[in-house]
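Structural features, examined
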Amino acid sequence: MAQKNTGKLLATQGYVVGIEISGSGSRQSVALADLNGNILRQARRPLEYVPDTTTVLAILEEMLAEVVQPEQLKDGRLLRVGVAIGGLVDASQGIVRTLHHAHGWDNFPLQDYFEKKFAIPCIIDNNANAAALAEVQYGRGKGERNVLYVGLGRGIGGGLVVNGHIYHGSSCTAGEIGHMLVKENGPRCSCGMAGHLEAIASARAIVRAMIGLSVEYPETEAAISRVTGARAERITVAQVFQLALDGDPVARYVVNDVHTYLGIALTNIVHLVNPDMIILGGPVAQVGSLLIEPLRAKVQELCLPAAFEALHIVQSGLGSEANLMGAVTLALQDM
Ligand SMILES: [Zn+2]
């Protein structure tokens, strides 16, 4: 019997490429995946500095050459490229609007750039949007319809999946929850305004607050010096949460602010969107239950019971792979 052409491709008939560019451009990764979303090869090149656009594209080119070798593509060909970017992206036009933590990306036609390079379709989107989609397809949000993904890294990104699709809003800025105003006259944000969530609960904000406030507390300074080997500027978010757990008053204050203001932001979103699940990802979420448990209690305290009862607040299952997996998922989504 002749095989009926259903229009669906078999997993062996092709491959996709996923590319991740972080909000500072200093972390990029590239993956080759099959059509079931299995990553077959990947490369990662974190830098210690914020590179310019040309440098990022040159590094990506090297990694692409490494990951996409002709012998890797045994019996198929490349079909799509997906790119997840840590900044404002106009997904419908395929343009990077801006990266808040790097220069030279304003209105950069990245979709066009990769389509010319590979001569295949390319899909670009914000990294939190991409990660949200990956979580719904392959991660903790599997089977859920309405999911908010929160990426807590150097900045804070949000990706909202509504009825199984990324919700972009009218000018592709939906989900920019790092810039939600949560504290009037609060600390200054990377966007220039004050009191935004990112200025309190991002990895950078947590570390800055900890170092800044410790100046007036010799015992805290000594504790920081002890856990960092006298290199206070290297303190990590995990160390701040651990110091809070150990009872350091400054660390407890900083961590309490994270729970409070992240809790306020999430509660406001819950009342607007009524999601099934909120998934916390990125480096700050890697502290696990030290973040999630008090945060869940805070949201429960602030939320209408009817909005909280069906809500799950969980840690990302994809972890540090969420954005790269998001890029792969973008490439796969319309095939
Ligand atoms: Zn902001």
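For the structure itself, consult the block above.
Figured I'd write up the structure that's included with this text. (Residues numbered from 1 in each chain as written. Predicted model: local features only at pLDDT ≥ 70, side-chain atom pairs only at ≥ 80, totals over all residues. Heavy atoms only, no water.)

**Side note on helix 2 (residues 110–118)**
Those residues of helix 2 that fall on the buried side of the exposure criterion are Leu 110, Gln 111 and Phe 114. Along the axis of helix 2, the buried residues cluster in a sector spanning 100°; they form a single face. Tucked into the core, helix 2 has its buried residues touching strand 1 (14–21), helix 1 (53–67), strand 4 (77–85), strand 6 (95–98) and strand 7 (122–126). (Buried < 20%, exposed > 50% of the residue type's maximum accessible area, 1.4 Å probe, protein only. Helix = DSSP H or I, 4+ residues; strand = E, 2+ residues; numbered from the N terminus. Arc of directions from axis to C-beta. Contact = heavy atoms within 4.5 Å.)

**Looking at unusual backbone geometry**
Of note, the phi angle at Ala 119 is positive, near 55°, even though the residue is not glycine. Relative to the helices and strands, Ala 119 resides in the loop between helix 2 and strand 7. A positive phi is found at Asn 274, a non-glycine position, where the angle reads about 55°. For Asn 274, the location among the structural elements is in the loop between helix 8 (249–273) and strand 11 (277–281).

**Some thoughts on the coordination of the zinc ion**
Surrounding the zinc ion are the protein donor atoms His 179 (ND1), Cys 189 (SG), Cys 191 (SG) and His 196 (ND1), which sit 2.0 to 2.3 Å from the metal. For the zinc ion, the four donor atoms in the first shell make angles of 97 to 116° at the metal, a pattern classed as tetrahedral. The motif formed by the donor residues of the zinc ion, counted along the single chain, is H-x9-C-x1-C-x4-H. Taken as a pair, His 179 in the loop between strand 10 (165–166) and helix 4 (198–201) and Cys 191 in the loop between strand 10 and helix 4 lie far apart in primary sequence, twelve residues in all. (Donors = N, O, S within 2.8 Å, 3.2 Å for Na, K, Ca; no water. Tetrahedral: all angles 85-135°; square planar, octahedral: opposite > 155°, others 65-115°.)

**Points about the nonpolar core**
Ranked by internal contacts, the top residues of the largest apolar core, which has 47 residues, are Val 150, Met 210, Leu 266, Ile 278, Leu 280 and Leu 291. Take this core: its biggest share by element is eleven residues, from helix 8. In this structure Met 210 touches Thr 220, Ile 224, Ile 235, Val 240, Leu 243, Asp 248, Val 250, Ala 251 and Val 254, once residues within four positions along its chain are discounted. If you look at the next biggest cluster of nonpolar residues, it comprises 31 residues, including Ala 43, Leu 57, Val 89 and Cys 122. (Core = buried A, V, L, I, M, F, W, Y, C linked by side-chain atoms within 4.5 Å.)

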